[in-house]
Amino acid sequence: MATSATKCDVAIIGAGPAGLMAAEQLAHQGYKAVLFERMPTPARKFLMAGKSGLNLTHSENLNAFTARYGEMAEHLSEPVHAFPNTAIRQWAQGLDIETFIGSSGRVFPKAFKASPLLRSWLRRLDDLGVKLHTRSLWQGWSENGKHLIFSGPDGVFRVDARATILALGGTSWPKLGSVGEWQQPLVANGVTLDPFRSVNCGFNVNWSEHFRDRFAGQPVKNCVIKTGPKTGEKTAKGDVMITKHVLRVGRFTKYRRP
């Protein structure tokens, strides 16, 4: 049996960077925002990204910047221009995080870590009155649709929110919380979802024991990857990650014909 409902203006499900940013903006506007996170701590993927330097944004011209979103460029142009790369640096500065532009044009915190930024960010949210509930798994809605239903360490509980923001991840890092469970209550309520598509890929490589022991877990920066004739002879520039058995290819910054 669910307990009496907790009330708030906006319930934000997912405490990664998107959820944290939504909570910050709402709190600045005077709304009571509450974050709900299924994991014991927030922003775990964000912290993982910090292990390879934490690329916050890119310093290039905004027209070139938005063009990198490909088919989504037109859709994302307005929000990117509303909160451009310069604003991201100013936002980090407000958290006492100094940034710099690397030789590739990417923007990094000088500390090359995510943890100092996250600690400062969470302190700001706490000062703004944002509440964070961890170990809170969203189960869907009540039978009458008036309440959000969560399960937590103390059992099932309800949330009465005027609005809900879903700031939920995909399925790329299950051990960090990205398992895609949130699809189930949406589908159960008739919401049509596009299937997930991979943005990363990997190639099995028989590394030597010496190479594997020395370089596993290390990124290789500013690579150029070229595909074969079957995919149209495309090339892309980006980073790859060396793991124990795989060469993992992540998001690349630009696709072009050679």
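Note that this is a predicted model, so its numbers are computed, not measured.

This part is about the overall build of the protein. Within the protein, the secondary structure is distributed over eight helices and 13 strands. Projecting the C-alpha coordinates of the protein onto the three principal axes gives extents of approximately 60 × 40 × 40 Å. Relative to its 258 residues, the protein shows a buried fraction of 34%. Restricting the contact set of the protein to residue pairs at least 6 apart, pairs at least 24 apart contribute 57%. Averaging the coordinates of the 34 positive side-chain charges in the protein and doing the same for the 20 negative ones gives two points 6 Å apart.

Quick look at the nonpolar core now. Inside soluble globular proteins, nonpolar side chains tend to come together where they are buried. With 25 residues, the main nonpolar core has I12, L20 and W121 as its most contacted residues. Looking at this core, the elements that each hand over two or more residues are β1 (6-13), α1 (17-28), β2 (33-36), α5 (85-94) and α6 (115-127). If one sorts the elements of this core by residue count, α1 sits on top with six residues. Core analysis: the second largest hydrophobic core is formed by 13 residues, I13, V34, V159 and W182 among them.

A word on the packing of aromatic side chains. By the definition in use, this model includes 13 aromatic pairs. On the numbers, 4.4 Å between centres and 20 degrees between planes, the contact of F36 with F150 is stacked. Remark: F150 occurs in strand β8 (residues 148-152) and F36 occurs in strand β2; sequence separation between them is 114 residues. Across the pair, exposure class does not vary: F36 and F150 are buried alike. Each ring, one from W138 and one from W141, has its centre 5.1 Å from the other, and the planes form 85 degrees; the classification is edge-to-face. Judged by relative accessible area, which is 35%, W141 ranks as partly exposed.

Time to look at unusual backbone geometry. Here D96, not a glycine, exhibits a phi torsion of approximately 65 degrees, which is positive. Mapped onto the elements of the fold, D96 is located in the loop between α5 and β4 (99-101). Of note in the backbone geometry, F112 takes a positive phi value of approximately 55 degrees without being a glycine. Locating F112 in the fold gives a position in the loop between β5 (106-109) and α6. By relative accessible area, which is 39% here, F112 ends up partly exposed.

Let's shift gears to the sheet that holds strand β9 (residues 155-166). By way of backbone hydrogen bonds, the strands of a sheet pair with one another, either parallel or antiparallel. Reading across from one edge, β6-β2-β1-β9-β8-β7 is the order of the six strands in this open sheet, with mixed pairing throughout. Two strands lie at the open edges of the sheet, namely β6 (131-133) and β7 (137-141), each paired on one side alone. Taken pair by pair, the neighbouring strands of this sheet meet at an average axis angle of 45 degrees, ignoring direction. Where β1 meets β2, four bridges bridge the pair, whose relative direction is parallel.

A word on the side chain of T66. Counting through the fold element by element, T66 comes out in helix α3 (residues 62-67). Judged by its relative accessible area of 7%, T66 is buried. One polar contact links the side chain of T66 to the main-chain carbonyl oxygen of N63, over a distance of 3.2 Å. In this view, T66 contacts A73, S77, V80 and H81; residues no more than four positions away in its chain are not counted.

Attention now moves to the confidence of the model for the protein. Atom-level detail of predicted coordinates should not be read off regions where pLDDT is low. Here the protein averages 88 in pLDDT, while 94% of its residues score no lower than 70. Under a pLDDT of 50 for its full length, residues 252-258 has, in the predicted model, 23 contacts with residues more than four places off or in other chains.

For the pair α1 and α6, interaxial distance at closest approach is 10 Å and the crossing angle is 35 degrees. Taken as a pair, α1 and α6 cross one another with a handedness that is left-handed. Residue-level contacts link P17, L20, M21, A23 and E24 of α1 to L118, W121, L122, R124 and L125 of α6. Among the residues forming the contact of α1 with α6, the class breakdown is eight nonpolar, no polar and two charged.

Right, let's get into the pattern of salt bridges. Between side chains of opposite charge, a pair can form when the charged atoms approach closely. Counted under the stated rule, the structure contains five salt bridges. Between R162 and D9 there is a salt bridge, and its shortest N-O distance comes to 3.2 Å. Within this pair, whereas R162 is found in strand β9, its partner D9 is found in strand β1, the two being separated by 153 residues in sequence. Using a relative accessible area of 68% as the deciding quantity, one classes R162 as exposed. We note a salt bridge from R124 to E24, for which the minimum N-O separation is 2.7 Å. Remark: E24 occurs in helix α1 and R124 occurs in helix α6; sequence separation between them is 100 residues.

Calculation rules
Residues numbered from 1 in each chain as written. Predicted model: local features only at pLDDT ≥ 70, side-chain atom pairs only at ≥ 80, totals over all residues. Heavy atoms only, no water. Helix = DSSP H or I, 4+ residues; strand = E, 2+ residues; numbered from the N terminus. Buried < 20%, exposed > 50% of the residue type's maximum accessible area, 1.4 Å probe, protein only. Contact = heavy atoms within 4.5 Å. Lys, Arg positive; Asp, Glu negative; His and termini not counted. Charge placed at Lys NZ, Arg CZ, Asp CG, Glu CD. Core = buried A, V, L, I, M, F, W, Y, C linked by side-chain atoms within 4.5 Å. Phe/Tyr/Trp six-rings, centres within 6.5 Å; stacked < 30°, edge-to-face > 60°. Pairing = 2+ DSSP bridges. Axes fitted to C-alpha atoms, helices over the stretch in contact; angles between N-to-C directions. Polar contact = N/O pair within 3.5 Å; in protein donor to acceptor, adjacent residues only side chain to side chain. pLDDT = per-residue confidence, 0-100. Left-handed = near helix turned anticlockwise from the far one by under 90°. Nonpolar A, V, L, I, M, F, W, Y, C, P; charged D, E, K, R; others polar. Salt bridge = Lys/Arg side-chain N within 4 Å of Asp/Glu carboxyl O.

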